[in-house]
Amino acid sequence: MDRQAAQTTTHGTGKKRESYFDNVKFLTIVLVACGHAWEPLTYGSRAVTALYLTVYAFHMPAFALVSGYFSRSFDMAPGRLKRLVTGVVVPYVVFEVAYTLFYRWAQDDPGYPISLLDPWYLMWFLAALFIWRLSTPLWLQLRHPVWVALGVGTAVSMWPGAGGDLALQRVLQFLPFFVVGLVMRPEHFSFLRTWGTRLAALPVLLAAVVAAYWVAPWFDAGWFYHRGSVVGRGVPAWAGLWATPALFVLALVLTACFLSWVPGRRLWFTALGTGTIYAYLLHGFVIKSSRFWEWYAHPWLHTPAGELAVTAVAVGGITLLCTPPVRTVFRYVVEPRMDWAFRRPRPAPGQEERPAAREKVTSGGG
């Protein structure tokens with residue numbers, strides 16, 4: 001086993017933090033920011049559209065997969081339930097309200113409703129993470145969880161009336177990627193990072209970009225959003241039987257290619273990978289501001305130089321939002337401690353007597 005594989009195994013046992021996964025998180029949030037920043041440029045540039053389609057084919061599946069991998073130990077224990085509330089539910093409520101108030105102010109629409117059941121913009125992912133993580137013990141008990149999850153996602157993609165509360169359509173269609181993460185083990189990531197896999201990934205990534213460039217003039221990127229049923233894409237419901245599994249396989253292949261080239265050693269951005277939730281929640285205000293106030297109206301931004309500038313600003317901005325000063329300012333709403341709201345965990349029966357008994361044995365042994 002090479003050095004990178006050993007590092008991955010160490011991380012899988014929980015003994016120390018693994019640079020590889022912090023690098024994965026940072027690079028994935030960079031792709032998220034670039035995708036959001038590129039969207040207004042896709043209307044006039046086939047090349048940008050090709051990159052946009054390539055990124056959107058796998059960047060949120062990659063997020064879901066990594067989230068699943070780190071949810072493998074979720075077992076409804078009090079401490080983990082507390083972290084679910086403080087790390088997912090509380091930020092969801094705070095930022096859902098904040099985004100709604102921001103929309104009211106920016107669009108001069110004071111009557112725009114606050115609805116915790118209808119996630120606004122990027123808040124759907126926190127709703128998804130809450131539902132996915134709560135269901136983790138069930139998926140870990142099934143013999144073939146990935147196939148079951150894919151079946152659920154496929155069925156929902158064919159059902160226009162599946163419901164919109166908590167973005168359920170989207171949550172269930174991205175569910176299979178989360179479940180794949182649940183069943184993955186450190187050795188799977190070790191395999192992805194072998195040089196044979198890395199070299200095989202290069203022509204696959206190149207083919208994906210070429211294919212995206214070819215379909216860019218007519219392909220509907222909405223297929224990658226999974227916001228509703230396939231009927232909304234102008235095809236019959238039965239098309240979901242092949243479209244959803246096909247998109248699932250495509251996303252997994254591209255995610256594997258991406259993960260294979262993420263460096264495993266500690267780099268200048270590795271520590272920033274621990275702050276991606278801050279960048280995710282905060283960058284939406286910048287992205288929406290660019291739409292509300294038409295920052296892309298300047299013609300120069302739609303030139304090759306302007307497109308590169310937009311990309312650089314997106315990368316620089318998302319990097320800044322991952323830094324410690326930003327995390328210090330917003331920690332009270334993104335990662336609140338909230339010890340005051342929870343009872344102290346009760347010791348297991350007989351646990352109170354164990355320290356005293358151990359002390360007695362130790363003193364008697366002298």
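Quick caveat, the model's predicted, so the values are computed rather than measured.

### Notes on the nonpolar core
Counting 100 residues, the largest nonpolar core has Ile29, Phe95, Met123, Trp124, Trp132, Phe189 and Leu259 as its most contacted members. With near-sequence residues (within four places) excluded, Phe95 lies in contact with Met123, Leu281, Leu282, Phe285, Val333 and Val334.

### Concerning the pattern of salt bridges
In total, this model carries 5 salt bridges according to the counting rule given. Between Arg337 and Asp339 there is a salt bridge, with its nearest N and O atoms 3.3 Å apart. Among the charged side chains, a salt-bridge network with shared partners connects Lys82, Arg337 and Asp339.

### Points about the packing of aromatic side chains
The full count for this structure, using the stated rule, is 39 aromatic pairs. Taking 6.1 Å as the distance between ring centres and 75° as the angle between the ring planes, the aromatic pair formed by Phe63 and Tyr280 counts as edge-to-face. Residue Phe63 is located in helix α4 (residues 59-69), and its partner Tyr280 is located in helix α14 (residues 276-292); the two are separated by 217 residues in the primary sequence. In terms of burial, Phe63 and Tyr280 fall into one category: buried. With centroids separated by 5.6 Å and ring planes inclined at 90°, the aromatic side chains of Trp124 and Phe125 adopt a geometry described as edge-to-face. Taken together through their ring pairs, the aromatic side chains of Phe95, Tyr99, Phe102, Tyr103, Trp105, Tyr112, Trp120, Tyr121, Phe285, Phe292 and Trp293 make up a single cluster.

### Focus: unusual backbone geometry
The backbone of Tyr121 shows a phi angle near 60°, a positive value even though the residue is not glycine. With respect to the helices and strands, the residue Tyr121 is situated in the loop between α5 (78-106) and α6 (124-134).

### With respect to α14
Compared with an ideal rise of 1.5 Å per residue, which puts 17 residues at 24 Å, α14 spans 25 Å between its outermost C-alpha atoms and is within 8% of the ideal. Its axis deflected by about 30° at Leu282, α14 carries its strongest bend there. The element α14 is extensively covered by neighbouring structure, given that 13 of its 17 residues are classed as buried. Taken from the residues just after α14, Glu294 is the one with a positive phi, measuring 55°.

Criteria and cut-off values
Residues numbered from 1 in each chain as written. Predicted model: local features only at pLDDT ≥ 70, side-chain atom pairs only at ≥ 80, totals over all residues. Heavy atoms only, no water. Core = buried A, V, L, I, M, F, W, Y, C linked by side-chain atoms within 4.5 Å. Buried < 20%, exposed > 50% of the residue type's maximum accessible area, 1.4 Å probe, protein only. Contact = heavy atoms within 4.5 Å. Salt bridge = Lys/Arg side-chain N within 4 Å of Asp/Glu carboxyl O. Phe/Tyr/Trp six-rings, centres within 6.5 Å; stacked < 30°, edge-to-face > 60°. Helix = DSSP H or I, 4+ residues; strand = E, 2+ residues; numbered from the N terminus. Expected span 1.5 Å × (residues − 1). Bend = angle between axes of the 7 residues up to and from the residue.

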